[in-house]
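Fold and contact review
Each chain is listed here by its residues.
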Amino acid sequence: MSSTASTASPQIGEGWKNALQEEFQKPYFQELKNFLTEEKQQIPVYPPGPLIFNAFNNTPFEDVKVVILGQDPYHGPGQANGLCFSVSTGIKHPPSLVNIFKEMQKDLNVPYPKSGDLTGWAKQGVLLLNTTLTVRQHAPASHQGKGWEEFTDAVIKTLSEKREGIVFILWGRHAQNKKPLIDMSKHFILEAAHPSPYSANGFFGCRHFSKANYMLMQSNQAPVNWINL
C-alpha cells in the first residue's frame, strides 16, 4: 500500500462507512494502517491497495443477502482481487476455486465457468469476505493477528444486528468459528467442509448454491444467478 490513505474509511462505500464508523476510529485500526504502511515498504502486499475493500465496494451494505467467508487473500502475484476465492479473468483457477466451481456445476447442472472472477456474484449481493484482508507475497497467514479479524468480526456482527434474512455460507472450521457472531433467529446458516483439496470430500455434495437460493426465495428475496460471473 502506498500510503495510509489506502486503508482509510473514505475508500469504502457510504453505507459501509456509516455502519462501521466506530471501527475506523478505534486504536487497533490505526495500528493496522501503520503496520500495512511499513509492510508495503519492505515486501509486496496483496491485494493492491485500491482492492483491499473490493468486497465492500462491489456489495453495498444495504444489498448484502449472502455472505461467503474466506480466510486469507491469495498470496501469489496477480491472484488476489479483494473478493474471497476470486481471481481476475485470465488467472489460473486456484484449487479451492476449482472445487467451488465443480460443486456449482453439479448442484445447478451448469457449465464450468471460464473466468474465476466472482465480481458478478458480488454485484448481486454476495459479500465475498476474507477474515484477513491482506497478506504478504508468498506468505500465507502472514497478516493474521494484526487487527483485520477484529474488523471483519465487526462486519459480521453489524450485518447480523442491522439486517435480516442473510444467508451465511461457512466453509471450514475457520469460517464456522464465526457462528457466535450471527443471530440465527434472523439469518440462515449453511455449513460444509472447506473446498480446499485437503477437505473437499466433505465439501462436495453440500449443494449450497441451490440451498442458498431456496432460503432467499423463502424470505421473498431474489435468488442469485450463480452462473453470472
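Residues numbered from 1 in each chain as written. Predicted model: local features only at pLDDT ≥ 70, side-chain atom pairs only at ≥ 80, totals over all residues. Heavy atoms only, no water.

1. A word on the sheet that holds strand 2 (residues 66-70)
Cut-off, in case you're wondering: Pairs of strands are assigned from DSSP output, requiring at least two bridges between the strands. A run of H or I in DSSP becomes a helix once it reaches four residues, and a run of E becomes a strand once it reaches two; helices and strands are each numbered from the N terminus. Convention adopted: a line fitted to C-alpha atoms gives each axis, helices being fitted over their contacting stretch, and angles between N-to-C directions are expressed from 0 to 180 degrees.
Taken in spatial order, the four strands make up an open sheet running 3-2-5-6, and their pairing is parallel. Two strands in the sheet have a free side with no partner beyond their single neighbour: strand 3 (126-130) and strand 6 (188-192). Across this sheet, the average inter-strand angle for adjacent strands is 20°, counted without regard to direction. Alignment of strand 2 against strand 5 (residues 167-171), held across three bridges, turns out to be parallel.

2. Regarding the environment of Phe 151
Along the polypeptide, Phe 151 turns up in helix 7 (residues 148-162). C-alpha separation for the pair Phe 151 and Glu 161, spaced ten residues apart in sequence, amounts to 15 Å.

3. Describing the environment of Ala 139
Rules: For every residue, the accessible area (1.4 Å probe, protein chains only) is compared with the maximum for its type, and the residue is labelled buried under 20%, exposed over 50%, or partly exposed between those bounds.
Of note, Ala 139 is situated in the loop between strand 4 (135-136) and helix 7. In this structure Ala 139 comes out as partly exposed when scored by relative accessible area, which is 21%. A C-alpha to C-alpha distance of 19 Å links Ala 139 and Asn 34, two positions 105 residues apart in sequence.

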